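Chain residues, written in single-letter form:
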Amino acid sequence: MQLKEEILINLIRDDQHLTIRTYHGEYRNLMLLLFDQIYYDDFGECKGMGRCGTCIVQITSSTAPLPPRDRNENTTLTKLDLADPSLRLSCQLLIDRSLHNSTITLLS
Ligand code: FES
């Protein structure tokens, strides 16, 4: 039996640090993981459509380059005047090895 490879995510919210453990495929995307593990009001309002902008996170480090913003993500972040490439819609990010040991700040 092959064990699934663990993915550790360092999370910062309101100056509190915590580590979340997950693995590839446990959640469909980063937003769903955050919604499940540390739900807070008004997070992920469009449920992953990439339109509401309520699931924005800042990723300040990752072990591998993150995939580029797709069209929906880019459109939403541009409307919000957020050009900083470290700002991402968590609903548009798959949980894979690129997020292992990443540092993610919740912006709420
Ligand atoms: S949940 Fe709405 S943009 Fe991510």
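For the structure, check the block above.
Residues numbered from 1 in each chain as written. Predicted model: local features only at pLDDT ≥ 70, side-chain atom pairs only at ≥ 80, totals over all residues. Heavy atoms only, no water.

1. Overview of the pattern of salt bridges
Part 1: According to the stated counting rule, one finds four salt bridges in the structure shown.
Part 2: Note that Arg 97 is salt-bridged to Glu 5, the shortest N-O span being 3.5 Å. Of this pair, Arg 97 sits in the loop between strand S4 (87-89) and strand S5 (102-106) while Glu 5 is found in the segment before strand S1 (6-13), placing the two residues 92 residues apart along the sequence.
Part 3: Classification of Arg 97 as partly exposed rests on a relative accessible area of 37%.
Part 4: Notably, a salt bridge pairs Asp 14 with Arg 13, separated by 3.9 Å at the nearest N-O pair.
Part 5: Residue classification places Asp 14 among the exposed residues on the basis of a relative accessible area of 58%.
Part 6: Given the relative accessible area of 24%, Arg 13 is considered partly exposed. (Salt bridge = Lys/Arg side-chain N within 4 Å of Asp/Glu carboxyl O. Helix = DSSP H or I, 4+ residues; strand = E, 2+ residues; numbered from the N terminus. Buried < 20%, exposed > 50% of the residue type's maximum accessible area, 1.4 Å probe, protein only.)

2. Observations regarding the environment of Leu 32
Part 1: Topologically, Leu 32 is positioned in helix H1 (residues 30-37).
Part 2: When the C-alpha positions of Leu 32 and Glu 45 are compared, they lie 11 Å apart, and in sequence the two are 13 residues distant.

3. Observations regarding the environment of Leu 66
Part 1: When you line up the elements, Leu 66 lands in the loop between strand S3 (56-61) and helix H2 (71-79).
Part 2: Once the C-alpha coordinates of Leu 66 and Thr 19 are considered, the two residues, 47 residues apart in sequence, prove to be 19 Å apart.
Part 3: In this structure Leu 66 touches Ile 59, Arg 88, Ser 98 and Leu 99, once residues within four positions along its chain are discounted. (Contact = heavy atoms within 4.5 Å.)

4. Remarks on H2
Part 1: Residues of H2 that are buried: Glu 73, Thr 76 and Leu 77. Angularly, the buried residues of H2 cover 95 degrees about the axis, an arc narrow enough to put them on a single face. H2 presents Arg 71, Thr 78 and Lys 79 as exposed residues on the side facing more than 90 degrees away from its buried surface.
Part 2: In this structure, the buried side of H2 is in contact with S3 and S4.
Part 3: Its side-chain oxygen placed 3.2 Å from the backbone nitrogen of Asn 72, Asp 70 serves as the N-cap of H2.
Part 4: Backbone geometry just downstream of H2 places Asp 81 in the positive-phi region, at approximately 60 degrees. (Arc of directions from axis to C-beta. Polar contact = N/O pair within 3.5 Å; in protein donor to acceptor, adjacent residues only side chain to side chain.)

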